[in-house]
Amino acid sequence: MSRIGKQPIVIPAGVDVTVEGNLVTVKGPKGTLSREIHPNITVEKDGNEIKVTRPDDKKENRSLHGLSRTLIANMVYGCSESFKKELEVNGIGYRAELKGKELVLKVGYSHDVIMAVPEGITVEVPGPNKIIISGADKQKVGQYAANVREKRPPEPYKGKGIKYADEHIRRKEGKAGKGGK
């Protein structure tokens, strides 16, 4: 039995979950999310708990069991608390700013990098070198944060670039010269 899959999901106050066949819809103060779960997996709402079960112990069903439970748990958490990713912009002259619904990055290119903020995601720029991305959908938040980081990944020699706040950059030593020139 899956250790993760057999745990019930507790629905917090203020969150409404509806299960129609294999479509799970979660409504909460931070947003509304819905996802279609694989037909082999059974999702049941029992009071203020959600239980996920599988029909048998085939390899596919075992792998889907824990996955489905985690996806639903992330939807419930996202609609009640919301997910958050923090990014830091490091480098001389590197900065970020928010103009309307667009994130403008000045990261060493001859032009500004302009990124549209997708629907369902909130972007805050409390300082010129800090970006906070938040939203109800964990996958959207993580993907947008990865797309922002991709515009100028941190480099190992000076540490310049866009990195996650909790990310550690392994630094490298510069080239050792022979002296002279």
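One can find the structure itself at the top, above this paragraph.
The residue count restarts for each chain, going from 1 along the sequence in the order it is written. With the structure being a predicted model, the display of local features is reserved for residues of pLDDT at least 70 and the display and counting of side-chain atom pairs for 80 or more, all residues being used for whole-chain, interface and lining totals. Just so you know, side-chain values use all the structure's heavy atoms and leave hydrogens and water out.

1. So, the packing of aromatic side chains
Item 1. In summary, the pairing rule links any two rings of Phe, Tyr or Trp, Trp by its six-membered ring, whose centres are within 6.5 Å, and it sorts them by plane angle into stacked for under 30 degrees, edge-to-face for over 60 and tilted for everything else. Inspection of every chain in the model, using the stated rule, returns one aromatic pair.
Item 2. Ring centres of Tyr77 and Phe83 lie 5.0 Å apart, and the angle between their planes is 55 degrees; this geometry places the pair in the tilted category.
Item 3. The class of Tyr77 is partly exposed, set by a relative accessible area of 41%.
Item 4. Distance and angle both matter: a charge sits over a ring if NZ of Lys or CZ of Arg is within 6 Å of the ring centre and within 35 degrees of the ring normal. The cationic tip of Lys85 hangs over the ring face of Tyr164; the distance from NZ or CZ to the ring centre is 5.3 Å.
Item 5. Here Arg152 stacks its cationic end above the ring of Tyr109, 4.3 Å away from the centre of that ring. Whether a residue is buried, partly exposed or exposed follows from its accessible area with a 1.4 Å probe, protein chains only, as a fraction of its type maximum: under 20%, in between, or over 50%, in that order.

2. Let's talk about the layout of surface pockets
Item 1. A 1.4 Å probe that fits into a set of points on a 1 Å grid over the protein atoms alone but cannot get out defines a cavity; an open set with protein on both sides within 12 Å along at least five of seven lines defines a pocket, and lining residues are those with an atom within 4 Å of a point. Grid points are joined across faces, edges and corners, and a volume is the space filled by probe spheres set on the points. Empty space within the largest pocket amounts to approximately 160 Å³.
Item 2. Lining the largest pocket, in full, are Leu33, Ser34, Arg35, Leu71, Asn74, Met75, Ala136, Asp137, Lys138 and Gln139.
Item 3. Put simply, Ala, Val, Leu, Ile, Met, Phe, Trp, Tyr, Cys and Pro go in the nonpolar bin, Asp, Glu, Lys and Arg in the charged bin, and everything else, Gly too, in the polar bin. Each residue belonging to the lining of the largest pocket can be placed in one class, and the counts come to four nonpolar, three polar and three charged.

3. Observations regarding the sheet that holds strand 2 (residues 16-20)
Item 1. Spatially, 2-3-4 is the arrangement adopted by the three strands of the open sheet, whose pairing is antiparallel. Single-partner strands in this sheet number two, and they are strand 2 and strand 4 (31-36). Between one strand axis and the next, the sheet turns by 10 degrees as a mean value, whatever way the strands run.
Item 2. Pairing geometry for strand 2 and strand 3 (residues 23-28), over five bridges, is antiparallel. Looking at the pairing, Thr18 lines up with Thr25 of strand 3. Note on pairing: DSSP must find at least two bridges between two strands before they are called paired. Helix and strand assignments follow DSSP, with helices taken as H or I runs no shorter than four residues and strands as E runs no shorter than two, numbered in order from the N terminus. Between the N-to-C directions of two axes lies an angle of 0 to 180 degrees, each axis being a line fitted to C-alpha atoms and, for a helix, fitted only over the stretch in contact.

4. Observations concerning the nonpolar core
Item 1. Nonpolar cores are built from buried Ala, Val, Leu, Ile, Met, Phe, Trp, Tyr and Cys residues. Side-chain atoms within 4.5 Å join them into one set. Leu105, Ile131, Ile133, Tyr144 and Val148 are the most contacted members of the largest nonpolar core, which totals 20 residues.
Item 2. Elements supplying a minimum of two residues to this core: strand 7 (83-90), strand 9 (102-106), strand 10 (113-116), strand 11 (121-127), strand 12 (130-135), helix 2 (138-150) and strand 13 (161-164).
Item 3. The element that contributes the greatest number of residues to this core is helix 2, accounting for four residues.
Item 4. Every residue in contact with Tyr144, bar those within four places of it in the chain, is listed here: Leu103, Met115, Ala116, Val117, Pro118, Ile121, Val123 and Ile133. Whether two residues are in contact is decided by their heavy atoms: any pair within 4.5 Å suffices.

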